[in-house]
Amino acid sequence: MSRKTLSDTPPLVLVDGSSYLFRAFHALPPLSTSSGQPTGAVKGVINMIRSLVKAYPQSPVAVVFDAKGKTFRNELYAGYKAQRPPMPDELRSQIAPIHRIIEAMGLPLIVVDGVEADDVIGTLATQAWQRQMPTLISTGDKDLAQLVNEHVTLLNTMTNETLDVAGVEKKFGLPPARIIDYLALMGDKSDNIPGVPGVGPKTAQKWLQEYDSVENLIAHADRIGGKAGETLRAHIPQLRLSYELATIKLDVPLSFGPQDLGHQAPAQQELLALYREMEFKSWVRELENSGVTAPGQAAGKDEPEAGDPAAYVAPTTVSWQAITTPAQLTACVEGLKSAGAFAFYLQADEQHYKLASLIGLAFSTTPGQAHYIPLGHDLMGVPEQLSHEQVLQALKPLFEDAGIGKIGHDLKPAIHILHNYGIALKGLRFDTMLQSYVLNSVAHRHSLEKLVENYLDEDRPTLDSVLGKGRNKLGFAQLDLAQATDWAAASADYSLRLSRVLDQKLKATGQLVEIYRYFEIALLPVLARMEDNGILLDIKVIGEQSLELAKSLAGLEQAAWHLAGEEFNLGSPQQLQKIFYEKLKFSPSKKTAGGQLSTAEPVLQELALEHELPRVILEYRGLSKLKTTYTDKLPLDVNPATGRIHSNFQQAVAATGRLSSMDPNLQNIPIRSEEGRRIRKAFIAAPGYVLMSADYSQVELRIMAHLSRDEGLLQAFAKGLDVHRATAAEIFTVPLEQVSSEQRRSAKAINFGLIYGMSAFGLANQLGIGRAEAQAWVDRYFERYPGVRQYMDNTRMLANEQGYVETLFGRRLYLPDIRAGNGMLRKAAERTAINAPMQGTAADIIKRAMIDIDQWLKGAGLDVKMVLQVHDELVFEVAEDDLALLSEGVRFRMVSAAALAVPLVVDIGSGPNWDEAH
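Bear in mind that the values here come from a model prediction, so they are computed numbers and not experimental data.

Peer 1: Where do I start with the overall build of the protein in this structure?
Peer 2: Per the secondary structure count, the protein includes 37 helices and 23 strands. Taking 29 Å as the expected radius of gyration for a compact globule of 918 residues, we find that the protein reaches 31 Å, a close match to that expectation. Dimensions along the principal axes, computed over C-alpha positions, put the protein at roughly 85 × 85 × 60 Å. Here the protein holds 918 residues, and the buried ones make up 52% of them. Within the protein, counting contacts between residues at least 6 apart in sequence, those at least 24 apart form 68% of the total. Carbon and sulfur atoms make up 50% of the accessible area of the protein, which totals about 40,900 Å². Put simply, the protein has 92 plus and 108 minus side-chain charges, and the middle of one group is 2 Å from the middle of the other.

This is the structure we're talking about:
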């Protein structure tokens, strides 16, 4: 942490505990002890405090929290913070442990009735700088920027952002002395400070840069023109109240001062007991290694009691060993066979999964113990290794025994690699990546390293840190055998331990364990088969299109040069800026984060309404992306052995449960333009086969009808009406048969726009109409479909209360920003809350259909392969003679995948290529 803005005197460090309490609660995954005590906020807050103490060892550190009950601000304004929901029980239960740990650390814990933590911090900081003591305030709250001066600095420990006087001016465009004015003008929805309606950061900044202060602005309010001026003048009393509410007190009566906030000696044994109670195992080991013991316990002993879940989560010792002899292999196989389940890890080279070769395998059946079998290490001096044939022949019966449970992290690559050696992996039980994803899809990345850190409280180095970087980077096969053994065996060991911890947590959250069992782990082999099938690409067709795109791009380039009056690089934002804003004098609308005039796509779309050149640039960019991303690159992704593209469909990426595709991404091929649709023509069926596409029709709107139970939507779907046409008839009050294509297009934009939280402003931009007209359409929509409005309002409220929303099947999406003080973040979270149950339910429905279809196809005797999943669409390659049976069977299983209040409808098409099938 930088101390450039502080004097040589160690600063007084004041921690805004209340700020970090909520941030830690929403930022970290739902951690808990084996007894169910939540610990995520405890870990987050204490970890931050430990970091500060370590970074500032000579500084006094004090932690300040809000007191319970009302403050003087509630007396000033009854509505202050009145809209906030009560603190969740799972957070409330963590406050006492946090306080106890802080006190055991020997740090002053400050809670003052009648005021907020900000006021106590402001008073202490003022007293400190009056004594010429530098002060560092650790907070995530922007309100405290008003306290910054040459002696007081802010530090956001979670983001490592430091704000001194210059930093505040850069961040807010105003000096610290004007932050209260800035906050008063904008108000604060999280605290229910009213401010001036319609005033955001830009307006507040502009007014204060011109009039310096709120009082001077009020004195000259008659100079502010238009609607903004009218609103300001009408809300002057409210503005003065907001100023008072936003002002941090600097004179709270305290019985102590900054000079009294010394760091006392930690109560080490009490800390040890508290860390054990919270199951913070790395901190327990840290104290034990320094010689701290609980009363009556010998140093280094922390044996779990019999039956304690920690007995298999946190072993006291580890043993990770290599297997290099036939006798060791035999013993290992017997141990795996008798265990009933085992965790394993495969290390392969870095080739595509269809071509990957094994370097080694690791296994674990007991926490803390694992073995690694090296197969392909070629470092000079490496001991003699067992052969691939010998090892895989011994292990194949175990891998293919469905009665022996298999455990690992990200098991799909293992399915492919073993398939390369003629082994069909069966008995999948726990995939820790998928367990973590189901538990909380947005809390963190689902890498093994991150899970070990969050759930086992241990540090695991990344593979890159083991292999090195740049020219000195080693391949895994070149690693020292001891290093390789530790890495691979630890991977199996950690997977075993994590699987048990995560299984407990999933079971504790009710239906989430069902989501894992019946959706995610069940889908894993289905996806592996689909990836292995791959899809054929016609190299000739895609090559011809690439040449045609090159000619079109050259023509657009010439057209752009003609319009600009000079040659320039159409892909250079800097050159475009000069052409647009210096030479042609276009009116700029937005700037980049770096302060440059923007040439981003939304800006070009605005400019294209008046100028020809931006239209040409937009078309050039679109075709260029098609060429570089698809027509040039897709042939390079064809597997030389199969002639097919084998994409990687990922389960643990999209927050809502949707699958994503990579290497290459086959889900984002644009289909709105003719050129984009032509790319799909290059995806073909083998001779004698056709591609069949099965696509859910308007599935998210149907889910909306089910969730909202709106009578208008329910009737439209029940009658089999074109729902967009029916919506247009309602909004534009015309008979169904008289709805024009333009009205239907507008209704479709409204239907889908509202699902994704589009505002009237966004709708106006999309349809090219006035904002007032768009708002009138939205209002009329909600008049005709009141159930949709009620669903949205109820969903927002529920999301705010519980911090997450659920799909129809019980999948959860946590919303860390649903109570954010930043209005933009909060609004985005509310839009997600409305959309996620629909998009997530749609994802669950097609997953269930895929699992059912795959099971049916195993015994149906049809010559068919499932080759693609693209959001609501499944694509199959089927022998022409089996098309009718496949169509009938797929349709039945897709419409039966969920019982909604409206029928599910599936559109099916077929043809020699994907475009014609769709």
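Read on for the rest.
Peer 1: Teacher, can you tell me more about the sheet that holds strand β23 (residues 906-911) here?
Peer 2: The strands making up a sheet associate through hydrogen bonds between their backbones, and the pairing can be parallel or antiparallel. Ordered in space as β21-β22-β18-β23, the four strands form an open sheet in which the pairing is antiparallel. Edge positions in the open sheet fall to β21 (864-870) and β23, since each of these has one partner strand only. Neighbour-to-neighbour, the strand axes of this sheet turn through a mean angle of 20°, independent of strand direction. Sheet analysis places strand β18 (residues 689-696) next to β23, joined by six bridges and oriented antiparallel.

Peer 1: Sorry, what's going on with unusual backbone geometry here?
Peer 2: Generally, phi is negative for residues other than glycine and the peptide bonds are trans, each holding for most cases. The omega torsion of the bond from D663 to P664 falls at 0°, within 30 degrees of zero and hence cis. Looking at the element boundaries, P664 is found in the loop between β16 (660-662) and α27 (674-681). A positive phi is found at D212, a non-glycine position, where the angle reads about 75°. Position of D212 among the secondary structure elements: in the loop between α8 (201-211) and α9 (214-219). With a phi close to 50°, T733 is a non-glycine residue in the positive phi region. Mapping T733 onto the fold places it in the loop between α30 (723-731) and α31 (741-755). Owing to a relative accessible area of 55%, T733 belongs among the exposed residues under this scheme.

Peer 1: Hey, could you run me through the packing of helix α7 (residues 179-186) against helix α11 (residues 236-246) in this one?
Peer 2: How two helices pack is summed up by the angle between their axes together with the distance between the axes. The geometry of α7 relative to α11 is characterised by a closest axis approach of 8 Å and an angle of 130° between their N-to-C directions. Judged on the interaxial angle alone, α11 and α7 are oblique. You can see that α7 and α11 cross each other, and the crossing is right-handed. Taking contact as the criterion, the partners of I180, D181, L183, A184 and L185 in α7 are, on α11, L239, S242, Y243 and A246.

Peer 1: Looking at this structure, I do not really get the pairing of strand β11 (residues 405-408). What am I missing?
Peer 2: Each regular strand carries side chains that alternate between the two faces of the sheet. Going residue by residue along β11, you find G405 and I407 tucked away on one face and K406 and G408 tucked away on the opposite face as well. The pairing of strand β8 (residues 341-348) with β11 spans three bridges and is parallel. Opposite A341, over in β11, you have G405 as the bridge partner. In the sheet, β11 pairs with strand β12 (residues 428-431) via three bridges, with the strands oriented parallel.

Peer 1: What should I look at first to understand the packing of aromatic side chains in this one?
Peer 2: Aromatic rings considered in pairs are described by the distance between their centres and by the relative angle of their planes. One pass over the structure, following the stated rule, counts 18 aromatic pairs. Above the plane of the ring of F172 lies K171, whose end atom (NZ or CZ) is 5.9 Å from the centre. Its guanidinium or amino end placed over the ring of W487, R460 lies 3.5 Å from that ring's centre, counting from NZ or CZ.

Peer 1: How should I be thinking about the layout of surface pockets in this particular structure?
Peer 2: If you roll a probe as big as a water molecule over the atoms, it shows you where there is empty space left. Estimated volume of the second largest pocket: approximately 1,900 Å³. In this structure, the second largest pocket is lined by 42 residues; those nearest its centre are I669, P670, I671, R672 and K748. Those elements that place two or more of their residues in the lining of the second largest pocket are α25 (601-607), α26 (612-631), β18, α28 (699-708), α31 and α32 (760-767). Considered class by class, the residues forming the lining of the second largest pocket number 15 nonpolar, 12 polar and 15 charged.

Peer 1: What exactly am I supposed to notice about the environment of Q738 here?
Peer 2: Among the structural elements, Q738 can be located in the loop between α30 and α31. The spacing of Q738 and A728 is 10 residues in sequence and 9.9 Å in space, taken between C-alpha atoms.

Peer 1: Could you clarify how one ought to interpret the side chain of Q385 in this entry?
Peer 2: As for its position among the elements, Q385 is in the loop between β10 (369-374) and α16 (388-399). In terms of polar contacts, Q385 uses its side chain to reach the backbone amide nitrogen of L375, at 3.3 Å.

Peer 1: Can you walk me through the environment of A655 in this structure?
Peer 2: Position of A655 among the secondary structure elements: in the loop between β15 (648-650) and β16. Taking C-alpha positions, A655 is 6.0 Å from V442, a pair spaced 213 residues apart along the chain.

Peer 1: Looking at this structure, how should I read helix α18 (residues 432-439)?
Peer 2: Turn by turn, an α-helix covers 3.6 residues, leaving residues three or four places apart pointing in a common direction. For α18, the tally of buried residues reaches eight of eight residues, placing the bulk of the element in the interior. Among the structural elements, β11, β12, α19 (448-456), α21 (481-508), α22 (512-533) and β20 (812-814) are those in contact with the buried residues of α18. Two or three places before M433, at the opening of α18, D431 has a side-chain oxygen 3.0 Å from that residue's backbone nitrogen.

Peer 1: Would you mind showing me how to read the side chain of T727 here?
Peer 2: Considering the arrangement of structural elements, one finds T727 in helix α30. Among all residues touching T727, those that are not within four sequence positions of it are A747, N751, Y781 and Y785.

Peer 1: Even after reading the chapter, I still don't get the sheet that holds strand β1 (residues 12-16), so can you show me in this structure?
Peer 2: Strand order in the open sheet made by the six strands is β3-β2-β1-β4-β5-β6, with mixed pairing throughout. The sheet is open, and its two borders are formed by β3 (109-111) and β6 (161-163), each paired with just one other strand. Neighbour-to-neighbour, the strand axes of the sheet open up by a mean angle of 25°, direction not taken into account. Pairing geometry for strand β2 (residues 61-65) and β3, over three bridges, is parallel. Residue pairing for β3: V64 is matched across the bridge by I110. Contacting β1, β2, β4 (135-138) and β5 (152-156), helix α2 (residues 40-55) crosses the sheet at an angle of about 170° to β1.

About the criteria used
- Residues numbered from 1 in each chain as written.
- Predicted model: local features only at pLDDT ≥ 70, side-chain atom pairs only at ≥ 80, totals over all residues.
- Heavy atoms only, no water.
- Helix = DSSP H or I, 4+ residues; strand = E, 2+ residues; numbered from the N terminus.
- Rg over C-alpha atoms; globule rule 2.2 N^0.38 Å.
- Buried < 20%, exposed > 50% of the residue type's maximum accessible area, 1.4 Å probe, protein only.
- Contact = heavy atoms within 4.5 Å.
- Areas by Shrake-Rupley, 256 points an atom, 1.4 Å probe, with all protein chains shown as cover.
- Lys, Arg positive; Asp, Glu negative; His and termini not counted.
- Charge placed at Lys NZ, Arg CZ, Asp CG, Glu CD.
- Pairing = 2+ DSSP bridges.
- Axes fitted to C-alpha atoms, helices over the stretch in contact; angles between N-to-C directions.
- Parallel < 35°, antiparallel > 145°, perpendicular 65-115°, else oblique.
- Left-handed = near helix turned anticlockwise from the far one by under 90°.
- Phe/Tyr/Trp six-rings, centres within 6.5 Å; stacked < 30°, edge-to-face > 60°.
- Lys NZ or Arg CZ within 6 Å of the ring centre and 35° of its normal.
- 1 Å grid on protein atoms, 1.4 Å probe; cavity = no way out; pocket = protein on both sides within 12 Å on 5 of 7 lines; lining within 4 Å.
- Points joined across faces, edges and corners; volume = space filled by probe spheres on them.
- Nonpolar A, V, L, I, M, F, W, Y, C, P; charged D, E, K, R; others polar.
- Polar contact = N/O pair within 3.5 Å; in protein donor to acceptor, adjacent residues only side chain to side chain.

Remember that the coordinates give geometry; whether it matters functionally is a separate question.
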